[in-house]
Amino acid sequence: MRLRRKILIMDGDADLRTILADHIGSHSEFEVAQASNASEAILNLKEFKPDLVIIDVDLSDMDGREGVQLIRQEGHQGPIIILSAYSMDAVTGLGESPNDYVLKPFKLSVIFARIRYHLRNYDASEAAELRIGDYVFKPISKLLIRAAG
């Protein structure tokens, strides 16, 4: 049985968020959670523990780039992809520690390609962790650790 990768989608636009979640979730390799703002996303980070986060630059409670910093401060080391309607964010957004930037409007095939690319890269990194029940597996160091310590 293959592990499903967890994707958290943060976007204030409920229609776009739902469409993305439906399309990504329709693939058996992914499990999707949604958040409409950064506050809701922080709760999801702790409970859902996503492998990858997709965040819109325009959130209702803060700028998405600030949201990226907050997500990193909460300990998420996995890939983060920023979505934006403004091309100017391609320059400023990448300085805030996301892994990628996608300009709206975009094709779903582009999102899928970026998700898979970043998950593969993350899996090959020192920071990679796979959660298996009560355990955390670190593939690079070949360590299996009980989540409780």
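As the structure is a computational prediction, the values presented were derived from the model and not from experiment.

Undergrad: Explain the sheet that holds strand β7 (residues 135–138) here, please?
TA: Two pairing modes exist for strands in a sheet, parallel and antiparallel, and in both the strands are linked by backbone hydrogen bonds. Taking strand neighbours across the sheet as the criterion, the three strands line up as β6-β7-β8 in an open arrangement whose pairing is antiparallel. Strands at the two margins of the open sheet, each flanked by one partner only, are β6 (130–132) and β8 (143–146). The average angle at which neighbouring strand axes cross in this sheet is 25°, direction not considered. Bridging between β6 and β7 involves three bridges; their strand directions are antiparallel.

Undergrad: Would you explain a nonpolar patch on the surface in this entry?
TA: A surface patch of nonpolar side chains, amounting to about 370 Å² of accessible area, comprises Leu3, Ile132, Tyr135 and Leu144. Within the secondary structure, Tyr135 sits in strand β7. The exposure class of Tyr135 is partly exposed, given its relative accessible area of 34%.

Undergrad: So what exactly am I meant to see when it comes to helix α2 (residues 38–48) here?
TA: An α-helical segment advances 3.6 residues per turn. Residues three or four places apart therefore align on the same side. By the burial criterion, the buried members of α2 are Ala38, Ala41, Ile42, Asn44, Leu45 and Phe48. On an axial view of α2, the arc spanned by its buried residues comes to 165°, and they lie on one face. Opposite its buried face, α2 presents the exposed residues Leu43 and Glu47, each directed more than 90 degrees away. Packing partners of the buried residues in α2 comprise β1 (5–10), β2 (30–35), β3 (52–56) and α3 (64–73). N-capping of α2 is provided by Asn37, with a side-chain oxygen placed 3.2 Å from the backbone N of Ser39. Lys49 sits one or two positions beyond α2 and adopts a positive phi of about 50°.

Undergrad: Just checking my understanding: could you explain the packing of aromatic side chains for this structure?
TA: Any pair of aromatic rings gets described here by the distance separating the centres and the angle formed by the planes. Counting across every chain of the model gives one aromatic pair. Here Lys6 stacks its cationic end above the ring of Phe48, 5.2 Å away from the centre of that ring.

Undergrad: Can you help me understand unusual backbone geometry in this one?
TA: Residues apart from glycine generally show negative phi values, whereas peptide bonds are mostly found in trans. With an omega dihedral of -5°, the bond running from Lys104 to Pro105 counts as a cis peptide bond. By secondary structure assignment, the location of Pro105 is in the loop between β5 (100–103) and α5 (108–123). Phi at Lys49 takes a positive value of approximately 50°, unusual for a residue other than glycine.

Undergrad: What should I look at first to understand the packing of helix α1 (residues 14–25) against α5 in this one?
TA: Geometry of a packed helix pair, given as the angle between the helix axes and the separation of the axes. Put simply, α1 and α5 touch, their axes get as near as 11 Å, and they point 60° apart. One element, α1, and the other, α5, form an angle in the oblique class. In this structure, α1 crosses over α5, and the sense of that crossing is right-handed. Contact residues: α1 offers Leu20, His23 and Ile24, while α5 offers Leu108, Ile111, Phe112 and Ile115. Looking at the contact of α1 with α5, its residues break down into six nonpolar, one polar and no charged.

Reading the values: the criteria
Residues numbered from 1 in each chain as written. Predicted model: local features only at pLDDT ≥ 70, side-chain atom pairs only at ≥ 80, totals over all residues. Heavy atoms only, no water. Pairing = 2+ DSSP bridges. Helix = DSSP H or I, 4+ residues; strand = E, 2+ residues; numbered from the N terminus. Axes fitted to C-alpha atoms, helices over the stretch in contact; angles between N-to-C directions. Patch = residues over 30% accessible without salt bridge, like charges linked within 9 Å, V, L, I, M, F, W, Y side chains within 5 Å. Areas by Shrake-Rupley, 256 points an atom, 1.4 Å probe, with all protein chains shown as cover. Salt bridge = Lys/Arg side-chain N within 4 Å of Asp/Glu carboxyl O. Buried < 20%, exposed > 50% of the residue type's maximum accessible area, 1.4 Å probe, protein only. Arc of directions from axis to C-beta. Contact = heavy atoms within 4.5 Å. Polar contact = N/O pair within 3.5 Å; in protein donor to acceptor, adjacent residues only side chain to side chain. Phe/Tyr/Trp six-rings, centres within 6.5 Å; stacked < 30°, edge-to-face > 60°. Lys NZ or Arg CZ within 6 Å of the ring centre and 35° of its normal. Parallel < 35°, antiparallel > 145°, perpendicular 65-115°, else oblique. Left-handed = near helix turned anticlockwise from the far one by under 90°. Nonpolar A, V, L, I, M, F, W, Y, C, P; charged D, E, K, R; others polar.

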